[in-house]
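Structural characterization, general
Chain by chain, the residues:
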Amino acid sequence: MPAPESDLRSPEWFRSVVFYELPVRTFFDSNGDGIGDLPGVLEKLDYLVDLGVGAIWLLPFYKSPWRDDGYDISDHFTVDPRLGTIDDLDRLVEAAHGRGLRIIGDLVANHVSDEHPWFQEARKSRDSPKRSWFLWSDTGTEFSGARVIFPDYEKSNWTWDDVAGQYYFHRFFHWQPDLNYDTSAVRAEILNFARFWLGHGLDGFRCDAVPYLYKREGTTCAHLPEVHQFFQDLRGMMDAEFPGTVIVSEANGTIAETVAYFDRSHEFQMVMEFPLMPNLFLGFAERNPRRILDVLRATLPGVPTDCGWAYFLRNHDELSLERMSESERAVFFREMSLPSDARIHNGVRRRLAPLLGGDDQSVLMLTSLILALPGAPFLYYGDEIGMGDRVDLPDRDAVRTPMQWANDPSAGFSRAPPSSLTRPLVVEPAFAPSRRNVADEESQANSLLSRMRTVLRVRAAHATVFSSDRFEGVDVGDRPVLGFWRAGSEYQILCLYNFGAEPSTGQLELPGSLWASPVELVRGQGSTVSGRTFRFRLAPRGFAWTLFLTRRERGAPA
Ligand code: GLC
Ligand code: CA
């Protein structure tokens, strides 16, 4: 099913498509060396098209020692040789575009690998022309307001370097020195990094670790005005030189802090919906979605009409618990299926299916919720088949295991034997390749994958309504049901989600502007209409999308 043509031409293409986040390294290995690669992604494009995806977000594929899975870049202008070549990337981009798919990369701007020649040069001498590209200190006491992001790995944001004879600043791991954005050559070089890959046809970037680019004494060194200025400059360059390309911000923060990255359409077209995400899981844990509607009512009005939130449930990182209060965390830990070693950094390293107790219905319900909100949903590879995780692997590798394509010893990921894969496969029986894999799920009408495809297809068929910014919460009384209307010009779609573990029924009065003849796009357990009263029935963790045509007054203009 090719993406609707209008998607590719419209400057707001990103609002109507579903994004799919994938790591080249663990997606598909085309040459049997045990490591996923760019030609492997190309081979699987038809799978993504069939799933109903409209855009791919490729995790960092640049040259890197892989001490932070590619977020530690050692050469911005090459593909890591284990993943392929620039020619492979060109072929992938061309093939993706040929199928109506967009493809964005990952702009890692805050830091580089300590193996990067820039850092190697900088540390050699105080007179090195690259010295000012990084942040140095004789005491390692500056910027004490900047919290440590990986507190279980790093004690301080400063690390002593014997070669340099000074401390250097790093907001993440100590092998990722931060760049100094007060140096204009750094800003120029990162814009060149973006230009280079946009020149190779990428349709934009997810921008990594956005809030942290600038450091100022006496602040938390996050979300500073200078950060906004840099990304506005990036956006300005992209609009001028590569029109139609987009940037998505990875900035965890309060509602006000995250909304600021839209900055009246001058900055990011899309902002990761960090304020909502933990509330989706908390609402699930509490069997009460009220908090979700509260957050949506607070976050949606701040979005300029040509921008959109980027919704996600899970990604390649830990599920951040930063925005949860102590009591919310207690509820979360009590209700979600969490092995004791699942905690890491300020969060939890679990995939979607195991978090939701391996229940397909719950996976579908939460996924179909982010599919129906105004903005762009981001799916994480493997979650569409209910893949699991491995909390026995180091750090966030737990949620980055090879994609499970088939029920064979290497999960159809590679011709190499399981023992030589770039990362081991999931072994937990309920989530292992023998139980969860693309080939088997494709052949079963009722599998998670088949049901996912159906929901994505329905969404694509109604893309104009789902990509509009009209959203209105519905009062369903004292029930564990989340309800909202999505309105288009010809019809409206009522979306209902049962967060309860029991079936739920309810009713609502239809507005006079609609015909009282529902069309069930995704069926709940049946609905009825009498007069203008609509009655619904939802299975436990069930959901329904119901369409109502708009009434037109006789003689009124269409
Ligand atoms: C972002 C990435 C994460 C990485 C970090 C440092 O948070 O998503 O994977 O470790 O930045 O680059
Ligand atoms: Ca390979």
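My aim in this report is to walk through the structure given alongside it, one point at a time. Everything numeric in this text was worked out from a predicted model, so none of it was measured.

On to the overall build of the chain, then. A count of helical and extended segments in the chain gives 16 helices and 24 strands. Taken over C-alpha atoms, the radius of gyration comes to 24 Å for the chain, in line with the 24 Å a tight globule of 558 residues would show. Seen through its principal axes, the chain has C-alpha atoms that stretch 80 × 50 × 50 Å. For the chain, buried positions account for 63% of its 558 residues. Taking the contacts inside the chain whose residues are at least 6 apart along the sequence as the reference set, 68% of them involve residues at least 24 apart. If you sum the accessible surface of the chain, you get close to 20,200 Å²; carbon and sulfur atoms cover 50% of it. Across the chain, the centroid of the 59 positively charged side chains sits 5 Å from that of the 77 negatively charged ones.

Read from one edge of the open sheet, three strands run 20-23-22, paired in antiparallel fashion. Across the chains shown, the open sheet's two edge strands, defined by having one partner strand only, are strand 20 (504–509) and strand 22 (527–530). This sheet shows a mean twist of 15 degrees between the axes of neighbouring strands, independent of strand direction. Bridge analysis of strand 20 against strand 23 (residues 533–538) gives six bridges, and the strand direction is antiparallel. Paired with T505 across the two strands is R537, which belongs to strand 23.

Turning our eyes to something else, we now look at the coordination of the calcium ion (ligand 2). Six octahedral donors around a metal ideally make angles of 90 or 180 degrees; four tetrahedral donors ideally make 109.5 degrees. Taken together, the protein donors to the calcium ion (ligand 2) comprise D29 (OD), N31 (OD1), D33 (OD), I35 (O) and D37 (OD), at separations of 2.2 to 2.4 Å. For D29, a relative accessible area of 2% corresponds to the buried category. What makes D33 partly exposed here is its relative accessible area of 37%.

Criteria and thresholds
Residues numbered from 1 in each chain as written. Chains lettered and ligands numbered in written order. Predicted model: local features only at pLDDT ≥ 70, side-chain atom pairs only at ≥ 80, totals over all residues. Heavy atoms only, no water. Helix = DSSP H or I, 4+ residues; strand = E, 2+ residues; numbered from the N terminus. Rg over C-alpha atoms; globule rule 2.2 N^0.38 Å. Buried < 20%, exposed > 50% of the residue type's maximum accessible area, 1.4 Å probe, protein only. Contact = heavy atoms within 4.5 Å. Areas by Shrake-Rupley, 256 points an atom, 1.4 Å probe, with all protein chains shown as cover. Lys, Arg positive; Asp, Glu negative; His and termini not counted. Charge placed at Lys NZ, Arg CZ, Asp CG, Glu CD. Pairing = 2+ DSSP bridges. Axes fitted to C-alpha atoms, helices over the stretch in contact; angles between N-to-C directions. Donors = N, O, S within 2.8 Å, 3.2 Å for Na, K, Ca; no water.

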